[in-house]
Amino acid sequence: MDTILTSLQELDASVFLFFNGLHVDWLDHPVKTLTNKWVWVPFYVLLATLVVRMRGLREGLLIVLCAALAVGMADYICASVIRPFCGRLRPSNPENPISAFTYIVDNYRSGRNGFPSCHGANTMALATFIALACRLRPLTLFMFGWAAMLCYTRVYLGVHYPGDLMVGALIGASLAYAVYMTLYRWLLSLPSIPVLYHS
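Residues numbered from 1 in each chain as written. Predicted model: local features only at pLDDT ≥ 70, side-chain atom pairs only at ≥ 80, totals over all residues. Heavy atoms only, no water.

Turning our eyes to something else, we now look at the pattern of salt bridges. Overall, the coordinates contain four salt bridges when judged by the stated rule. The residue Asp12 makes a salt bridge to Arg88 at a minimum N-O spacing of 3.0 Å. With Asp12 in helix H1 (residues 2-20) and Arg88 in the loop between helix H4 (57-86) and helix H5 (118-134), the pair connects residues that are 76 residues apart, well separated along the chain. Arg88 carries the same exposure label as Asp12, and that label is buried. One connected set of salt bridges, linked through shared partners, spans Asp12, Arg88 and Asp164. (Salt bridge = Lys/Arg side-chain N within 4 Å of Asp/Glu carboxyl O. Helix = DSSP H or I, 4+ residues; strand = E, 2+ residues; numbered from the N terminus. Buried < 20%, exposed > 50% of the residue type's maximum accessible area, 1.4 Å probe, protein only.)

Next up on the list: H1. Helical geometry note: an α-helix holds 3.6 residues per turn, so side chains three or four residues apart project in the same direction. End to end, H1 covers 26 Å across 19 residues, agreeing with the expected 27 Å (1.5 Å per residue, within 8%). Burial in H1 covers these residues: Asp12, Ala13, Phe16 and Asn20. An end-on view of H1 places all buried positions within 100° of arc, on one side of the element. Of the exposed residues in H1, those oriented more than 90 degrees away from the buried face are Thr3, Ile4, Glu10, Leu11 and Phe18. Of the surrounding secondary structure, the elements contacted by the buried residues of H1 are helix H6 (137-156) and helix H7 (162-189). (Expected span 1.5 Å × (residues − 1). Arc of directions from axis to C-beta. Contact = heavy atoms within 4.5 Å.)

For the rest of this paragraph, the subject is the environment of Val51. Relative to the elements of secondary structure, Val51 occurs in helix H3 (residues 41-55). Of the residues examined, Val51 reaches a relative accessible area of 1% and is grouped as buried. It is 38 Å that separates the C-alpha atoms of Val51 and Gly87, two residues lying 36 residues apart in sequence. Beyond its immediate chain neighbours, meaning those up to four positions away, Val51 contacts Gly56, Gly60, Ile63, Ile130 and Cys134.

So, in structure tokens, the structure goes:
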């Protein structure tokens with residue numbers, strides 16, 4: 001078992017170094033900007049507005065709330081439960097020997113541990129839930145493309161191994177599916193609450 005784990009970690013490191021090495025100076029600033037979660041707030045607002053317009057107020061708000069729940073669960077489980085237990089150093093961490101071979105942008109090293117990736121978990125949770133709830137092919141392709149792009153920025157910046165992102169994405173997708181199959185579908189089946197108008 002230890003031999004298999006060691007082989008997987010070595011493969012993960014090799015794939016990381018290959019993709020991290022594919023950098024060009026003029027992309028450094030745009031990639032670092034894209035990985036900032038606050039940059040995407042207008043996008044989230046636009047996405048929520050689009051979903052409400054497509055599905056109506058009741059179902060649209062339900063999709064937004066359940067998607068937020070899936071993302072929140074993914075973020076908490078990865079950051080507060082699994083990371084402290086596993087304690088795998090980011091490749092950018094100076095205590096990690098691989099950091100000497102890692103391309104770092106503007107000395108951005110993020111936190112200490114990186115397994116699993118919260119970026120991978122959160123983006124995939126959102127993309128998966130929107131895909132399941134909206135069932136609109138162009139939107140689904142866009143969301144998964146967006147998630148993949150954000151995951152790549154983490155390797156480019158040297159703060160995550162591909163394995164961190166893949167496991168994070170798997171956790172996020174699984175939680176989104178669980179929320180969709182249980183909470184969302186159950187809530188959607190409930191009758192609407194009548195609105196009483198007073199003359």
